[in-house]
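# Overview (structure and organization)
Letter by letter, the chains look like this.
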Amino acid sequence: MEINILKSALRKNVGDVTFYEAYERTGKILNITVSPANDYERPRLLNYLTSPNVLIWSAACASCAFPILYQPVELVAKNEVSPFPSRWPQSGTALSPLSGTALSLL
């Protein structure tokens, strides 16, 4: 499947909603894990506390990135100056998932 098809479907269903906006609307915490595209960074747990301005659809795409199936994607975030200026290269969680111990510490 093409990553652009997944991105389009997520944007259509979720919209341009950040983790913080989703928490404010629902009171529920959404957690999505992503792994870096390189070996020098650690996997990240994204939610309204750790990355409040990241758009949920971009985090879901980054989480699904898997070698051969999907290319690495960038996380997209909103800020006060411009709606989508910040991007961070990411890959999927398949190669270096967060361990249960690491998740329990958060």
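Before going into details, it helps to say that this report is about the structure given with it. If you're wondering where the values come from, they're calculated on a predicted model, not measured in any experiment. (Residues numbered from 1 in each chain as written. Predicted model: local features only at pLDDT ≥ 70, side-chain atom pairs only at ≥ 80, totals over all residues. Heavy atoms only, no water.)

The next thing to look at is the overall build of the chain. On a plain count of helices and strands, the chain comes out with four helices and four strands. Taken from the N to the C terminus, the helices and strands of the chain come in the order α-α-β-β-α-β-β-α. Going through the 106 residues of the chain one by one, you find that 34% of them count as buried. Excluding contacts between residues fewer than 6 apart, the proportion of contacts in the chain whose partners are at least 24 apart in sequence is 59%. (Helix = DSSP H or I, 4+ residues; strand = E, 2+ residues; numbered from the N terminus. Buried < 20%, exposed > 50% of the residue type's maximum accessible area, 1.4 Å probe, protein only. Contact = heavy atoms within 4.5 Å.)

Per the stated rule, a full pass over the model turns up two salt bridges. The closest approach of N and O atoms between arginine 11 and aspartate 16, which form a salt bridge, is 3.1 Å. The partner of glutamate 21 in a salt bridge is lysine 78, with the nearest N and O atoms 3.3 Å apart. Highlighted residues: glutamate 21 in helix α2 (residues 19-26) and lysine 78 in the loop between β3 (73-77) and β4 (86-90), separated in sequence by 57 residues. Look at lysine 78 and you get partly exposed, because its relative accessible area is 22%. (Salt bridge = Lys/Arg side-chain N within 4 Å of Asp/Glu carboxyl O.)

Further remarks concern the packing of aromatic side chains. Taken as a whole, this structure holds one aromatic pair when the rule is applied. Plain terms: the ring middles of tyrosine 23 and tyrosine 48 are 3.8 Å apart, the flat faces sit at 5 degrees to each other, and that makes the pair stacked. Of this pair, tyrosine 23 sits in helix α2 while tyrosine 48 is found in the loop between β2 (44-46) and α3 (56-64), placing the two residues 25 residues apart along the sequence. Owing to a relative accessible area of 25%, tyrosine 23 belongs among the partly exposed residues under this scheme. In this structure tyrosine 48 comes out as buried when scored by relative accessible area, which is 17%. (Phe/Tyr/Trp six-rings, centres within 6.5 Å; stacked < 30°, edge-to-face > 60°.)

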